Amino acid sequence: MSTPTPPKPSLPAERLSPWWRRSVYATVVIGFTVLILLTVKVHYDAPPIPGRVVDARGELLFSKQNILHGQQLFLEHGLMNNGSIWGHGGYLGPDYSAQYLHTLAVHAAETLSRQHFNQPVAALTVAQRAMIEALVRSELKENRFDPHSDTLTVTDAEAESYLQQQDMWSDFFSAPEKNGGLPAQFLTKGENLSDLTAFFAWTAWAAVTRRPGEQTTYTNNFPYDPLAGNEPSGAAVLWSAVSLIALLGGTALVLLAFGKFDYLGWKSTERHIAPMLIPGQPTPAQRAVIKFFVIVALLFLVQALIGGVTAHYRAEPGDFYGFDLSGFFPSNVMRTWHLQLAIFWIASAYVAGALLLASELGGRQSNNQAAFIHVLFAALVIVVAGSLLGEWAGTFQLMGDLSFWFGQQGWEFLELGRAWQLGLAVALVYWFLLLVRDVKPALRSPDLKELTVFFLVAALAVPVFYLPAMFFDSTTHWSIVDTWRFWIIHLWVEGFFEFFVTVLVAVILSGLGVVSRITATRVIYLDAIMYFGGGLIGTGHHWYFNGHSELNMALSAIFSAMEVIPLTLLTLDAWDFVKVTRTQRDLSGERIPVPHEWTFYFIMAVGTWNFFGAGVFGFLIN
Ligand code: HEM
Ligand SMILES: [Fe+2]
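If you're wondering where the values come from, they're calculated on a predicted model, not measured in any experiment.

Along its length, the protein chain carries 20 helices and six strands. The globule rule puts the C-alpha radius of gyration for 622 residues at 25 Å, and the 28 Å found for the protein chain is close to it. If you line up the protein chain on its principal axes, its C-alpha atoms span 100 × 50 × 45 Å. When the 622 residues of the protein chain are sorted by exposure, 46% land in the buried category. The contacts in the protein chain between residues at least 6 apart in sequence include a share of 74% that link residues at least 24 apart.

With that out of the way, let us pick up the site of ligand 1. Lining the immediate environment of ligand 1, one finds 13 residues, of which Gly-90, Tyr-91, Ala-304, Gly-307 and Ala-311 sit closest. Secondary structure elements with two or more residues in the shell around ligand 1: α9 (284-315) and α10 (331-362). The element best represented in the shell around ligand 1 is α9, accounting for six residues. Its residues assigned to classes, the shell around ligand 1 shows six nonpolar, five polar and two charged. Both domains that furnish three or more residues to the shell around ligand 1 are identified here as domain 1 (46-232) and domain 2 (267-512).

Another aspect to go through is the sheet that holds strand β5 (residues 145-146). Whenever strands of a sheet pair, they do so through backbone hydrogen bonds, lying parallel or antiparallel. An order of β2-β1-β6-β5 is seen for the four strands of this open sheet, with the pairing classed as mixed. Strands at the two margins of the open sheet, each flanked by one partner only, are β2 (60-63) and β5. Pairing analysis gives two bridges linking β5 to strand β6 (residues 151-153), with the strands arranged antiparallel. Within β6, the residue paired with Asp-146 across the bridge is Thr-151.

Before going further, it helps to examine unusual backbone geometry. Of note, the amide linkage connecting Phe-222 to Pro-223 takes the cis form, showing an omega dihedral of 0°. Examined against the element boundaries, Pro-223 turns out to sit in the loop between α7 (191-208) and α8 (234-260). With phi around 60°, Gln-397 is a residue other than glycine that occupies positive phi space.

Right, let's talk about the packing of helix α14 (residues 449-464) against helix α16 (residues 517-538) for a bit. Between α14 and α16, the shortest axis-to-axis distance is 9 Å and the interhelical angle comes to 35°. For the element pair α14 and α16, the recorded crossing hand is left-handed. Mapping the contact onto sequence places Glu-450, Leu-451 and Phe-454 in α14 and Arg-517, Ala-520, Thr-521 and Ile-524 in α16. Counted by class, the contact of α14 with α16 contains four nonpolar, one polar and two charged residues.

Next up on the list: the domain arrangement of the protein chain. The domains assigned to the protein chain are domain 1 (46-232) and domain 2 (267-512). Between domain 1 and domain 2, the residue contacts involve 27 residues of the former and 28 residues of the latter. Residue assignment for the side of domain 1 that touches domain 2 shows that the elements contributing at least two residues are α2 (64-76), β4 (88-89) and α6 (176-179). The element contributing the most residues to the side of domain 1 that touches domain 2 is α2, with five residues. Looking at the side of domain 1 that touches domain 2 residue by residue, the class counts come to 14 nonpolar, 11 polar and two charged.

Bridge count between strand β1 (residues 52-54) and β2: three bridges; the pairing is antiparallel. Among the inter-strand pairings, Val-54 is bridged to a residue of β2, identified as Leu-60.

This paragraph deals with helix α1 (residues 18-45). Taking 1.5 Å of rise per residue, 28 residues should cover 40 Å, and α1 covers 40 Å from first to last C-alpha, within 8% of that figure. Where α1 is concerned, the buried positions are Thr-27, Gly-31, Leu-35, Leu-38, Thr-39 and Val-42. Taken together, the buried residues of α1 touch α15 (478-511), α16 and α17 (550-562).

Within the secondary structure, Leu-244 is located in helix α8. Judged by C-beta crowding, with 14 C-beta atoms within 10 Å, Leu-244 ranks as partly exposed.

Take the nonpolar core next. Counting residues in each nonpolar core, the largest one holds 160 residues, and the members touching the most others are Leu-101, Ala-204, Leu-355, Phe-455, Ala-506 and Leu-509. Sorting elements by how many residues they give to this core places α10 first, with 18 residues. For this core, the two domains that each supply at least three residues are domain 1 (46-232) and domain 2 (267-512). Beyond its immediate chain neighbours, meaning those up to four positions away, Phe-455 contacts Leu-361, Val-439, Val-503 and Val-507.

Let us now look at the packing of helix α13 (residues 418-443) against α14. Two quantities define a packed helix pair, namely the angle between the helix axes and the distance between the axes. Contact geometry for α13 and α14: axes closest at 9 Å, N-to-C directions at 175°. Our classification of the angle between α13 and α14 gives roughly antiparallel. Residues Ala-425, Leu-428, Val-429, Phe-432, Leu-435, Val-436, Val-439, Ala-442 and Leu-443 of α13 form the contact with α14, whose participating residues are Lys-449, Thr-452, Phe-455, Leu-456, Ala-459, Leu-460, Val-462 and Pro-463. For the contact of α13 with α14, the residue count by class is 15 nonpolar, one polar and one charged.

The rules behind each value
- Each chain has its residues counted from 1, following the order in which its sequence is written.
- Each chain gets a letter, beginning with A, and each ligand a number, beginning with 1, in the order they are written.
- For this predicted model, a pLDDT threshold of at least 70 governs which residues receive local features, and a threshold of 80 or more governs which side-chain atom pairs are given and counted, while totals over whole chains, interfaces and linings are taken from all residues.
- Numbering goes from the N terminus for both helices and strands, where a helix is a DSSP run of H or I of at least four residues and a strand is a run of E of at least two.
- Radius of gyration here is computed from C-alpha atoms only, and the compact-globule reference equals 2.2 Å multiplied by the residue count raised to the power 0.38.
- Three exposure classes are used, based on other C-beta atoms lying within 10 Å of a residue's own C-beta, which is placed from the backbone: buried for 20 or more, exposed for 12 or fewer, and partly exposed in between.
- Contact criterion: two residues are in contact if their C-beta atoms, reconstructed from the backbone, are within 7 Å.
- For each residue, a C-beta position is placed from the backbone atoms; the residue is near a molecule or strand when that point lies within 6 Å of it.
- Note on residue classes: Ala, Val, Leu, Ile, Met, Phe, Trp, Tyr, Cys and Pro are nonpolar, Asp, Glu, Lys and Arg are charged, and everything else, Gly too, is polar.
- Marked domain ranges trace back to an automatic or database domain assignment.
- In this scheme, strands are said to pair when DSSP sees at least two bridges between them.
- Interaxial angle, 0 to 180 degrees, is taken between N-to-C directions of lines fitted to C-alpha atoms, where a helix line uses only the stretch in contact.
- Left-handed is the label given to a crossing in which the near helix is rotated counterclockwise from the far helix by less than a right angle, and right-handed is the label when the rotation is clockwise.
- Expected span of a helix, by definition, is 1.5 Å for each gap between consecutive residues, and there is one gap fewer than residues.
- Under the definition applied here, buried Ala, Val, Leu, Ile, Met, Phe, Trp, Tyr and Cys residues are grouped into a nonpolar core through C-beta atoms within 7 Å.
- For this classification, under 35 degrees means roughly parallel, over 145 means roughly antiparallel, 65 to 115 means roughly perpendicular, and everything else is oblique.

This is the structure:
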């Protein structure tokens, strides 16, 4: 028997310093200002698309229209889910820009070898070969684009390679064994293939040619190819090292703060807090949400199975257990579905989780909420099924001009047709309004107001940051599209989703009465400062090699390295959770069992894997 402890004298009311809010505002304003400046800057820094590309005699090889039509073909055929451009896309096929560039360097070496020594490269002496390789590098690196006449003049070797590569790419697209599982004869010779090759040629040109007045190329020397003279730039090495120091310095600062202010983190409270979330009867609206979780589980299962099919294509592209699957379910469609399904189940889980907690937060049942949730569910099913079917039909060129609206747009992670994207955005706004209905009473409670505002801001950020998906189409400059694509993907997963999870966990923990509202709110502010402090400017880590400047490389290397700091703190969080669940005692000193114990285990597990996935592997990839 434990001895009863006397009741505690009541503690003075806790208050949060206004500096928390001011610091979050400052972080967000500075972060977005820099991000907007970098976004404006890429319009000046992106590699130009020449109006005309001519050979040494001034004969037209191809034009801007050809290049952009090639890009359009690339996207409409779902090739970004086969191979990549400047490193962005699938790994089933090659990096098209790197493959074109390397082939070009080999062709150029042969052409120059015959010009200078009248022999193939294989027959040259070591000294002769070194000379030819130096010539290849200097020819490819020289920038012959004239902005006044909007004309790019290429060398004989480059012109010859462009013609030869059309045969090479035609062969590449002829059979699934050669390309990681595309349908046979996916693209055949003719106008289409020459335009596609023109697009590849332009991406290779931007990757190898020096920016005017600079030593590095438009893509900061990416991809690596010593034959073409592409080696890691000095800036890449410098800023990689500086980013490590930023990570160390930032970690030290945060540890200092945690040492000095021992109340930071998920600390339990001495006083008893009346829990809101008591296990019991779910409301009709909460019951209406259950089917979302069933769908989430199903989508996840299908996604993993399709991931298996995609992996099979990597191993045996032309043969699926004795059967050629590429004619019906080619690898680029499988990979598209794999990515889209991931986005759908993750987004659905957020949608459902927020709906589930909203009615707890508001403490009431809004009229007909269940019926409104059924409508949202129907919309979700239509968008998921419709967009996946559309991606299949679009990739097979069955939809003509409708493909843009309902089929395959081609941009990795944003493949679904524009109409489905609009549907998704509208559904997410509708979801936000459902949340507002439910949490309204909490907005009037002084105790819950701040937490509720966070909850709504985090939810609203999801549809708002989907809007950049509407800013481009298949003929927009690649560098500009890649900039907007990561305003969505990066800011969702490395900004607002993390923030949202923090808010959901805060609502759960304070709802269960294991931490005070003040503690929960303070953790949200702290996490917001850390996540947005690194994550907003860190967006540029997706822009290292796609036409942005060295300034972007420097800033985003430093800030994205600091994204790891809050992830490292997840290990501290895990211990806070253990303590929080064990320290609650009743008046007689007996431990109070925490309701929903498994919720805590789940949150700890998510934190652990978040640290490994985003922290360890995220840093590695950075
Ligand atoms: C058994 C489960 C899974 C298998 C077998 C699998 C398989 C694959 C394969 C083979 C690729 C590479 C395709 C290529 O070569 O381009 C891939 C890419 C990818 N998978 Fe999975 N996957 C699985 C689960 C997941 C899950 C659970 C997620 C996320 C929730 C996920 C997200 C992704 C993403 C985002 C990519 C693209 C990566 C990039 O392009 O950088 N996968 N998956
Ligand atoms: Fe990112």
